[in-house]
Amino acid sequence: MKPIDAIWAATATAADLIGDTQDIGSVQPGRYADLVAVAGDPLADVTQLERVQFVMKGGAIYKQNGQIVRGENPLSSPVTAGEESTPSKPAPRGNA
């Protein structure tokens, strides 16, 4: 399987399989803002996905520049043991 096929299967195709293409599977206004970013090109080197540098879930940033941050405030200190944040889905904005 080519790297692009694996990435596509883990994102857009997965949303279809679990029956939630209205909320997940692509980046669009009104959908869950669940994203990861890596420093390199995962199509050239799929192992880049083993070194995630940025994580956003529900519009809240959890990892930035490779460091864990609080979900409710990405500029605050790193999360310590026992702390967690559970962001809610953003309100839909217009017709997505």
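Note that the structure is a prediction, hence the values are computed from the model and not measured. (Residues numbered from 1 in each chain as written. Predicted model: local features only at pLDDT ≥ 70, side-chain atom pairs only at ≥ 80, totals over all residues. Heavy atoms only, no water.)

1. Some thoughts on the overall build of the chain
Part 1: Helices and strands together make up the secondary structure of the chain, namely two helices and four strands.
Part 2: Reading the chain from its N end, one meets helices and strands in the order α-α-β-β-β-β.
Part 3: Among the 96 residues that make up the chain, the fraction classed as buried is 17%.
Part 4: In the chain, of all internal contacts separated by at least 6 residues, the share reaching a separation of at least 24 is 30%.
Part 5: Counting only carbon and sulfur atoms, one obtains 57% of the accessible surface of the chain, whose full area is about 6800 Å². (Helix = DSSP H or I, 4+ residues; strand = E, 2+ residues; numbered from the N terminus. Buried < 20%, exposed > 50% of the residue type's maximum accessible area, 1.4 Å probe, protein only. Contact = heavy atoms within 4.5 Å. Areas by Shrake-Rupley, 256 points an atom, 1.4 Å probe, with all protein chains shown as cover.)

2. Some details on the pattern of salt bridges
Close approach of charged atoms allows side chains of opposite charge to pair.
Part 1: All told, the structure shown has two salt bridges when counted by the stated rule.
Part 2: In this structure, Asp34 and Lys57 form a salt bridge, with 3.7 Å as the shortest nitrogen-oxygen distance. Pair noted here: Asp34 is in the loop between helix H2 (12-17) and strand E1 (35-38) and Lys57 is in strand E2 (residues 52-57), with a separation of 23 residues, a long-range link.
Part 3: Given a relative accessible area of 37%, Asp34 falls into the partly exposed group.
Part 4: For Lys57, a relative accessible area of 49% corresponds to the partly exposed category. (Salt bridge = Lys/Arg side-chain N within 4 Å of Asp/Glu carboxyl O.)

3. Regarding unusual backbone geometry
Part 1: One non-glycine residue, Asn65, adopts positive backbone phi at about 55°.
Part 2: Within the secondary structure, Asn65 sits in the loop between strand E3 (60-64) and strand E4 (67-68).

4. Brief notes about the sheet that holds E3
Part 1: Across the sheet, four strands lie side by side as E1-E2-E3-E4; this open sheet has antiparallel pairing. Among the strands making up the open sheet, the edge pair consists of E1 and E4. (Pairing = 2+ DSSP bridges.)

5. Quick look at the environment of Val52
Part 1: Inspection of the secondary structure assignment puts Val52 in strand E2.
Part 2: Separated by twelve residues in the primary sequence, Val52 and Gly40 place their C-alpha atoms 9.8 Å from one another.
Part 3: Excluding anything up to four places from it in sequence, Val52 contacts Val36, Ala37, Val38, Lys63 and Gly66.

6. As for the pairing of E2
Part 1: Direction of pairing for E1 relative to E2: antiparallel, over a ladder of four bridges. In the sheet register, Val38 faces E2, and the bridge partner there is Val52.
Part 2: Relative to E3, E2 runs antiparallel, the two being bridged by three bridges. Bridge pairing in E3 links Lys57 to Ala60.

Purely geometric stuff here, so don't read any function into it on its own.
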